[in-house]
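# Structure at a glance
Each chain is listed here by its residues.
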Amino acid sequence: MFLKRLLSNDMPRSRLLAVLLLALFIALAFAPFIFPGVKALSVAAKILVFVVLVASFDLLLGYTGIVSFAHTMFFGIGAYGIAISASRLGPSWGAVLLGLVASLAVSLVLSFAIGLFSLRVRAIFFAMITLAVASAFQTLASQLSDFTGGEDGLTFKLPELISPSFEFAEEPFLGVSLDGRLLCYYMLFAAAVVLLLALLRIVNSPFGRVLQAIRENEFRAEAIGYRVVVYRTTAAVLSALFATLAGAMLAIWLRYNGPDTSLSFEIMIDVLLIVVIGGMGTMYGAAIGAVLFVLAQSYLQDLLRVGSEAASGLPWLAALLSPDRWLLWLGVLFVVSVYYFPTGIVGKLRARAAR
Amino acid sequence: MKALDFDWKPLLLAPILALVALPLTGSFSTWLTLTVAGLAMGMIIFIIASGLTLVFGLMDVLNFGHGVFIALGAFVASSVLGLMGDWTGSGELWRNLVAVFPAMLVAMAVAGAVGLAFERFIVRPVYGQHLKQILITMGGMIIGEELIKVIWGPAQVPLPLPEALRGSLLIGDAAISKYRLLAVAVGVVVFGLLAWTLGRTKIGLLIRAGVQDREMVESLGYRIGRLFVGVFVVGSALAGLGGVMWGLFQQNLVPQMGAQVNVLIFIVIIIGGLGSTGGALIGALLVGLMTNYIGFLLPTLTQFASILLMVAVLLWRPQGVYPVANR
């Protein structure tokens, strides 16, 4: 009952999915203890950031049916907010908070402006206009080097409490030293859980239902009496704000931000891939997709390296299997999933359970 | 395409832009250089964008993977020109042109052939579904870009201009680069052929009729499906040609070049009205001119110039200069 309320009545509706989600939750909750090592912890933190980022994009793409290419712009705004304020004002909680609030305000204004300006027009216009705006913003960020550090980006310090040098206890606990890094991870974990639950709440509210109605048939939704532009703009703004928070999480974890880290078009493509592979229009799909993708990004390359060495007798096969070509295989997977699993992993699992 | 009350106002945009820039640039010769450079750049952008606007305007297919054909054309041309070092290296114009034209033809053929496969395997299952078209052609672009990296390697590939096309001609004090004249000529030919094919030939008539009422044309015994595949192939081939022109313009190729140009050509076809060939020409010329003037006057703003232009045009005409009305 409590769980049902916590998940906003949007249960996994598939036993396998429920098991997967539970395993995922446990793995992320105890990641520092189950998977020791610096790389594993970084991968886990990246998963947390991407779960929020992708879920916020799914609010737009999956639930409202809007294709935006400016989503990483808001991700970048969040990351730059923390980076700029922490590098100017020094490592204090006040600076972090100020950066967060300021970047949320910027995202609010910007997403509202883009939404009002372009959501009246057709979906294609919106997709292309956001693509143009995002590329302009990326150029802006790398050109204003006094402010954003240009191509080099900004490295900054955060409060002592969450830095790796801060030790809570002399003795390691279960083989893991209790330091600020660990605390930082759990901060991200809590943030990701809260934000994902909040997004679940939003999409399962009456407001979320209207968004889905608009996605299914814009004309009818308008005819029933919903102001489509208002709902779409609200969805765009909300989604931008959540992306900004994800960006802030990224900056807090890395204590660095630059154009390639948070603004690049590659990240935008990654997010698109994740949403489609995981399942559009399900927040759980965003979570599952993000985990699969980040794991693939981090470990598929190692796997491909093995394959590439095994195929060294056939040069062209070795070239196709080279670890740098991992995106090729993901692209193939992506096209195949749009072809055969338009509802993604989660949709497929749910359909199987419903039979 | 031809209407009695022809809308001529958009035709004035480029001349007005050029006139406004005249007093700002200071001297006439500088202005002339910038204007010709802008027109040439606009023509190259038009060649790139024409394929996309064809595919979009006629088939209602949103091809976000268009950039792959641009990159493919450029890389194929670099291989072809690489084989013909004797011809590109000589200083005689005709020998250089003999090298460049086969390169263009091969690039167009390869891009067209790949376009055929792209249409069959990527686009065909998602006709009529815009959201899926955007997604799946994005996927196609990722695959294409990675395959280019497999074949030509992930690093930059130089694509030097043939000898006789380097350098500039002097008209008075104004320096006009030779390659830009070639670009203008190719652009004019492409536009002329497109306008003629769509407006004056039977195939063009059938295509336009098929866009208006597909079932009617099919019931008259014509196969619109095949015709549209042809449109896609021509669109991809034009992208390949545009890629050769753009590659020679930049003289340097990266596998991601298609994605980089994508932004520019989207701006152009949005300004043009999503699907109008004439609109795309106007949009491309405006973007070319604007980029060159702003690049001279306020270099830091260069990247934003075309976006500001798009916003301004959309404020004037929210559907682009020549909206394709039947959708």
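Since the model is a prediction, treat every value here as computed from it, not as a measurement.

### With respect to the overall build of chain B
A tally of helices and strands in chain B yields 13 helices and four strands. The C-alpha radius of gyration of chain B comes to 20 Å, within 12% of the 20 Å expected for a compact globule of 327 residues. Based on the C-alpha atoms only, the size of chain B along its principal axes is roughly 60 × 50 × 35 Å. Looking at chain B as a whole, 55% of its 327 residues qualify as buried. Put simply, of all contacts in chain B between residues at least 6 apart along the chain, 76% involve residues at least 24 apart. Of the roughly 13,700 Å² of accessible surface on chain B, 68% is carried by carbon and sulfur atoms. Each charge sign in chain B was given a centre, from 18 positive and 13 negative side chains, and these centres are 5 Å apart.

### What about the overall build of chain A?
A tally of helices and strands in chain A yields 18 helices and two strands. Its C-alpha atoms give chain A a radius of gyration of 21 Å, near enough to 20 Å, the size a compact globule of 355 residues would have. The buried share of chain A, reckoned over its 355 residues, is 55%. Contacts spanning at least 24 positions in sequence make up 75% of the contacts within chain A whose residues lie at least 6 apart.

### A look at the nonpolar core
Residues Phe50(A), Phe69(A), Met128(A), Tyr185(A), Phe64(B) and Trp246(B) are the most contacted members of the largest nonpolar core, which totals 225 residues. Ranked by residue count, the leading element in this core is helix α4 (residues 38-64) of chain A, at 18 residues.

### Describing the interface of chain A and chain B
In this complex, chain A contributes 37 residues to the contact, which on the side of chain B involves 39 residues. Counting the surface lost from both chain A and chain B, the interface buries some 3,500 Å², and carbon and sulfur atoms represent 83% of this. Between chain A and chain B we count one salt bridge in total. Glu146(B) serves as the salt-bridge partner of Arg325(A), at 2.9 Å between the closest nitrogen and oxygen. Among the elements that make up the side of chain A that touches chain B, the one with the highest residue count is helix α7 (residues 123-143) of chain A (12 residues). For the side of chain A that touches chain B, the class distribution of residues is 30 nonpolar, four polar and three charged.

### A word on the environment of Gly94(A)
Mapped onto the secondary structure, Gly94(A) falls in helix α6 (residues 93-118). Residues Gly94(A) and Leu131(A) lie 37 residues apart in sequence; the distance between their C-alpha atoms is 34 Å.

### Observations regarding helix α13 (residues 302-316) of chain B
Relative to the 21 Å expected for 15 residues at 1.5 Å per residue, α13(B) spans 22 Å between its end C-alpha atoms, a close match to the ideal helical length. Listed as buried for α13(B) are Phe304(B), Ala305(B), Ser306(B), Ile307(B), Leu309(B), Met310(B), Val313(B) and Leu314(B). Contacts made by the buried residues of α13(B) are with α6 and α7 of chain A together with α11 (257-272) and α12 (277-297) of chain B.

### Observations regarding the pairing of strand β3 (residues 174-177) of chain B
All names here are of chain B. With burial as the criterion, only one face of β3 is covered, namely that bearing Ala 174 and Ile 176; the residues Ala 175 and Ser 177 on the opposite face remain uncovered. Bridging between strand β2 (residues 168-171) and β3 involves four bridges; their strand directions are antiparallel. Its bridge partner being in β3, Ile 171 is matched across the sheet by Ala 174. Counting the residues that bridge the hairpin from β2 to β3 gives two residues, and of these Gly 172 lies at a positive phi of roughly 65 degrees.

### Observations regarding unusual backbone geometry
Residues and elements named next belong to chain A. Backbone geometry places Arg 13, a non-glycine residue, at a positive phi of 60 degrees. Topologically, Arg 13 is positioned in the loop between α1 (2-6) and α2 (15-29). The exposure class assigned to Arg 13 is exposed, which follows from its relative accessible area of 53%.

### Here's the deal with the packing of aromatic side chains
Evaluation of the coordinates by the stated rule reveals 16 aromatic pairs over all chains. Considering the side-chain rings of Tyr185(A) and Tyr186(A), the 5.4 Å spacing of their centres and the 85 degrees angle between planes classify their relative orientation as edge-to-face. On the basis of relative accessible area, Tyr185(A) is assigned to the buried category, the value being 0%. Looking at Tyr186(A), the relative accessible area reads 26%, which means it is partly exposed. Each member of the aromatic cluster is reached from another via a ring pair, and the members are Phe25(A), Tyr185(A), Tyr186(A), Phe189(A) and Trp253(A). For Arg120(B), the ring lying beneath its charged end belongs to Phe121(B), and the centroid distance is 5.6 Å. We note Arg317(B) situated over the ring of Trp316(B); from NZ or CZ to the ring centre the distance is 4.4 Å.

### A closer look at the packing of helix α14 (residues 265-278) of chain A against helix α6 (residues 130-152) of chain B
Running from N to C, α14(A) and α6(B) point in directions that differ by 125 degrees, and their axes come no closer than 11 Å. With respect to their mutual orientation, α14(A) and α6(B) come out oblique. As α14(A) packs across α6(B), the resulting crossing turns out to be left-handed. Residues Phe265(A), Ile269(A), Leu272(A), Leu273(A) and Val276(A) of α14(A) form the contact with α6(B), whose participating residues are Leu135(B), Met138(B) and Ile142(B). A per-class count over the contact of α14(A) with α6(B) returns eight nonpolar, no polar and no charged.

### Focus: α6(B)
In this model α6(B) runs 32 Å from its N-terminal to its C-terminal C-alpha over 23 residues, within 8% of the 33 Å that 1.5 Å per residue would give. Gly153(B) sits one or two residues past α6(B) and shows a positive phi near 85 degrees.

### Let's talk about the packing of helix α2 (residues 28-59) of chain B against α12(B)
Residues and elements named next belong to chain B. Here α2 crosses α12 at 140 degrees, and the two axes come no closer than 7 Å. For the element pair α2 / α12, the angle class is oblique. Both α2 and α12 take part in a crossing whose hand is right-handed.

### Thoughts on a nonpolar patch on the surface
Residues and elements named next belong to chain B. On the surface, a nonpolar cluster with roughly 1,000 Å² of combined accessible area is contributed by Phe 6, Trp 8, Leu 11, Leu 12, Ile 16, Val 20, Leu 24, Phe 296, Leu 297, Leu 298 and Leu 301. Tallying contributions element by element places helix α1 (residues 13-25) first for the nonpolar patch, with three residues. Considering the arrangement of structural elements, one finds Leu 24 in helix α1. On the basis of relative accessible area, Leu 24 is assigned to the exposed category, the value being 53%.

Rules and cut-offs
- Residues numbered from 1 in each chain as written.
- Chains lettered and ligands numbered in written order.
- Predicted model: local features only at pLDDT ≥ 70, side-chain atom pairs only at ≥ 80, totals over all residues.
- Heavy atoms only, no water.
- Helix = DSSP H or I, 4+ residues; strand = E, 2+ residues; numbered from the N terminus.
- Rg over C-alpha atoms; globule rule 2.2 N^0.38 Å.
- Buried < 20%, exposed > 50% of the residue type's maximum accessible area, 1.4 Å probe, protein only.
- Contact = heavy atoms within 4.5 Å.
- Areas by Shrake-Rupley, 256 points an atom, 1.4 Å probe, with all protein chains shown as cover.
- Lys, Arg positive; Asp, Glu negative; His and termini not counted.
- Charge placed at Lys NZ, Arg CZ, Asp CG, Glu CD.
- Core = buried A, V, L, I, M, F, W, Y, C linked by side-chain atoms within 4.5 Å.
- Buried area = accessible area lost by both parts, 1.4 Å probe.
- Salt bridge = Lys/Arg side-chain N within 4 Å of Asp/Glu carboxyl O.
- Nonpolar A, V, L, I, M, F, W, Y, C, P; charged D, E, K, R; others polar.
- Expected span 1.5 Å × (residues − 1).
- Pairing = 2+ DSSP bridges.
- Phe/Tyr/Trp six-rings, centres within 6.5 Å; stacked < 30°, edge-to-face > 60°.
- Lys NZ or Arg CZ within 6 Å of the ring centre and 35° of its normal.
- Axes fitted to C-alpha atoms, helices over the stretch in contact; angles between N-to-C directions.
- Parallel < 35°, antiparallel > 145°, perpendicular 65-115°, else oblique.
- Left-handed = near helix turned anticlockwise from the far one by under 90°.
- Patch = residues over 30% accessible without salt bridge, like charges linked within 9 Å, V, L, I, M, F, W, Y side chains within 5 Å.

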